[in-house]
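# Inside the fold
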Amino acid sequence: MAELKLNSLRRYLLEHELMFLAGQPAVYHCHHFNLFLDQTIDDALGAEQSRLVRTRAAREFSHRVLAAVCDRLGAQTPPERLQVATELFSAMGHGRLELNADARGGAVRGTHLHYGFAWHEKYGQKVRRRDPADAFATGYAAAAIEVAFGLRPGTMDGTEHSCFALRAPACNIELTPTERFEEPGPPIGEAESRQASGPPEDGLYEDVIQPITIGLKEFTAGVRGDERGLVQAFGVFVTMHLAGYYNRISYDSVDVIQRTAPQSVGVLEDLLRESGHVCVFNTFGGILLSPEWEGLVGPPPDDPAQIVAFCMAIGRALGFGRWIVADFVPERRFVLRTPCSYESVYYRARYGVAPRPVEYMLQGAAIATAQLAHRVRWSEKPRLTPEYYQELFKGGVPWRAEQTQAIVCGAPVSEIVVTRV
Amino acid sequence: MQTEIDWDTPENDDTTRLDVGGAVLGLRLSQSCYRRLTWECELLEPSKAASLSEKLRALGYCDESRFSWVHELARPDGHHVIIVPRTGRIQIRIHYLTPFAQRQACALGVAREIASALN
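Residues numbered from 1 in each chain as written. Chains lettered and ligands numbered in written order. Predicted model: local features only at pLDDT ≥ 70, side-chain atom pairs only at ≥ 80, totals over all residues. Heavy atoms only, no water.

### Remarks on helix 15 (residues 386-393) of chain A
Residues and elements named next belong to chain A. Taken together, the buried positions of helix 15 are Tyr 388, Tyr 389, Leu 392 and Phe 393. Along helix 15, the residues classed as buried sweep out an arc of 110° about the axis, all on the same side. Along helix 15, exposed side chains directed more than 90 degrees from the buried face belong to Glu 387 and Glu 391. Buried-residue contacts for helix 15 involve helix 10 (265-288) and helix 14 (360-375). Downstream of helix 15 by a residue or two, Gly 395 has a phi angle that is positive, lying close to 80°. (Buried < 20%, exposed > 50% of the residue type's maximum accessible area, 1.4 Å probe, protein only. Helix = DSSP H or I, 4+ residues; strand = E, 2+ residues; numbered from the N terminus. Arc of directions from axis to C-beta. Contact = heavy atoms within 4.5 Å.)

Structure (structure tokens):
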């Protein structure tokens, strides 16, 4: 069996800046985004249904990536495949798993699991959590056993019984063969992503954006989990994550709310958009203020045009798509356009054409980019605290975003026009 | 065993000034989500920052740099010093297994070593 090297499994569709892990869509996101999105699903569906949705999404897309990685590395026996599963999990920054299970089920012990650990770090002082946090790890572990023992996808279930976020010393997950078998959805890989992407184009400031994108990709190529299986970088806990997980939990939740409480769909969609604010503020901001950025580019200036260009480069390097600046007038207008997004790829493959734009993260990220570019005094090196986030984003931002073109609606590109209110 | 978090000690933004044999270096908490693990030194002249890498290597630090534009040096005990040669920025990253209550003292120890190396 070949050695697992995360970087050799990672590939970008260069012309579209989508990232793949062994052919499966993947992106980088930080713990702030991960926790916010999971919490949004909890708030929308309630803890138990949210747990099911998140665990199944994790299981589905983890099964795909694990099967592909095992295939590429030549991992054939169950022990080899279990080894691949635990190593990949840690390399991606999700913590450490001990898998003591087989086709009949079993036990999993997790330490430093990204969600539970980061939740404890972020909220543990102020909030007492009631439900375990590691649905992603639970679904991943179930998929690992399915792949290791040649089981059909969707046949292993998991429940997290104790969790670090609930102040247990470690996380304990029980795996059992499921009584509610779930047929996996259609595949979403490189071919489907190409099919759902428009023609790439250049925008403003490409001479700035492209070299930085290349530099950031070279930097992230060497990023992998430490001894704990966590990635501490740019002032946050970073994960390489499965785009399918984010997409499925988001769109499945919208589906459920549309069926059960249609009057609340707008609230859920607003929260999904806010995940874009959370991402740009914490991850993009953390990158801009990091020594690594300062070495590669220089300290970020108080120049909105440059910050907007920098954010395009960061979005591309994180695998979000070939974001371009289609138009920019300081204090008045910012137009973000892209031939693809990880959301549009999933939506088109799973749902076809949408009646209205539903690239929530992209919409939120566009507004947040405008806000960071104009309202943050970068030269003062601000601390990206929750209080500062509240100051910048709560109580109404002075920007309005309109998605004027949407791949999910059949357009060749997605375009967000952000204008000053 | 996972890291225990001491919630009772507040973060603070104060800059601590170190004077080591005439070399003065300011140290303050960095923006980050890790509790007291990341610290910033006051900016150095870029020429001094560039030479610092070599001096720290001579003190037993291991050069783990992957790029010329940002130097990463690891102390034998796992703490790291990040140096940006073009701007003179120096960041100290304390190893995460360091008990919470000792993190500031460890950062001060590394900063003293840096100040001493600059003499």
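Next comes the rest of the description.
### Details of the pattern of salt bridges
Residue and element names in this part refer to chain A. Per the counting criterion, the structure on display carries 37 salt bridges over all chains. The residue Arg 54 makes a salt bridge to Asp 42 at a minimum N-O spacing of 3.2 Å. In this pair, Arg 54 sits in helix 3 (residues 47-73) while Asp 42 sits in helix 2 (residues 31-45), placing the two residues 12 residues apart along the sequence. Overall, Asp 42 belongs to the buried group, its relative accessible area being 14%. Linking Arg 333 and Asp 327 is a salt bridge whose minimum nitrogen-to-oxygen distance equals 2.8 Å. Linked through salt bridges whose partners overlap, the residues forming this network are Arg 59, Glu 60, Arg 64, Asp 157, Arg 180, Glu 182, Arg 248, Asp 252 and Arg 350. (Salt bridge = Lys/Arg side-chain N within 4 Å of Asp/Glu carboxyl O.)

### Focus: the packing of helix 9 (residues 243-260) of chain A against helix 13 (residues 342-351) of chain A
Residue and element names in this part refer to chain A. The N-to-C vectors of helix 9 and helix 13 enclose an angle of 60°; their axes lie 10 Å apart at closest approach. For the element pair helix 9 / helix 13, the angle class is oblique. In terms of crossing hand, the pair formed by helix 9 and helix 13 is right-handed. Only Tyr 342, Glu 343, Tyr 346, Tyr 347 and Tyr 351 of helix 13 make contact with helix 9, whose side of the interface consists of Ala 243, Gly 244, Tyr 246, Asn 247, Arg 248, Tyr 251, Asp 252 and Asp 255. For the contact of helix 9 with helix 13, the per-class residue count stands at 7 nonpolar, 2 polar and 4 charged. (Axes fitted to C-alpha atoms, helices over the stretch in contact; angles between N-to-C directions. Parallel < 35°, antiparallel > 145°, perpendicular 65-115°, else oblique. Left-handed = near helix turned anticlockwise from the far one by under 90°. Nonpolar A, V, L, I, M, F, W, Y, C, P; charged D, E, K, R; others polar.)

### Quick word on unusual backbone geometry
All names here are of chain A. A positive phi angle is found at Ala 22, which is not glycine, with a value near 50°. Note that Ala 22 resides in the loop between strand 2 (18-21) and strand 3 (24-30). With phi around 60°, Phe 234 is a residue other than glycine that occupies positive phi space. Tracing the sequence through the fold places Phe 234 in the loop between strand 8 (231-233) and strand 9 (236-242).

### Focus: the sheet that holds strand 4 (residues 96-102) of chain A
All names here are of chain A. Taking strand neighbours across the sheet as the criterion, the 4 strands line up as 4-5-7-6 in an open arrangement whose pairing is antiparallel. Edge strands, defined here as strands with exactly one partner in the open sheet, are strand 4 and strand 6 (156-162). Going across the sheet, the axis of each strand differs from the next one's by a mean of 20°, ignoring polarity. Where strand 5 (residues 105-111) meets strand 7 (residues 171-177), 5 bridges bridge the pair, whose relative direction is antiparallel. Looking at the pairing, Val 108 lines up with Ile 173 of strand 7. (Pairing = 2+ DSSP bridges.)

### Things to note about the environment of A:Arg152
Relative to the helices and strands, A:Arg152 resides in the loop between helix 6 (135-148) and strand 6. Not counting residues up to four positions away in its chain, the partners in contact with A:Arg152 are A:His63, A:Glu146, A:Phe181 and A:Glu183.

### A look at the interface of chain B and chain A
Where interface size is given, it is often the accessible area lost as the parts come together that is meant. Listed by partner, the interface residues are 26 residues for chain B and 42 residues for chain A. Note that B:Arg89 and A:Glu294 form a salt bridge whose closest N and O atoms lie 2.7 Å from each other. Where chain B touches chain A, the interface holds 11 residue pairs in polar contact (both at pLDDT 80 or more). Take the side of chain B that touches chain A: its biggest share by element is 3 residues, from strand 7 (residues 89-93) of chain B. Classifying every residue of the side of chain B that touches chain A gives 12 nonpolar, 8 polar and 6 charged. (Polar contact = N/O pair within 3.5 Å; in protein donor to acceptor, adjacent residues only side chain to side chain.)

### Side note on the sheet that holds strand 13 (residues 414-420) of chain A
The pairing of strands in a sheet happens through backbone hydrogen bonds and is either parallel or antiparallel. Residue and element names in this part refer to chain A. If you trace the 4 strands from one edge of the open sheet to the other, you get 10-11-13-12, paired in antiparallel fashion. Edge strands, defined here as strands with exactly one partner in the open sheet, are strand 10 (324-329) and strand 12 (399-405). Neighbouring strand axes in the sheet, compared pairwise and without regard to direction, differ in orientation by 15° on average. In this sheet, strand 11 (residues 333-338) lies alongside strand 10 in antiparallel orientation, the contact comprising 5 bridges. Bridging from a neighbouring strand, Val 329 pairs with Arg 333 of strand 11. With respect to the sheet, helix 12 (residues 304-317) is in contact with strand 10 and strand 11, its orientation differing from that of strand 10 by roughly 165°.

Keep in mind that these numbers describe shape and distance, not what the molecule does.
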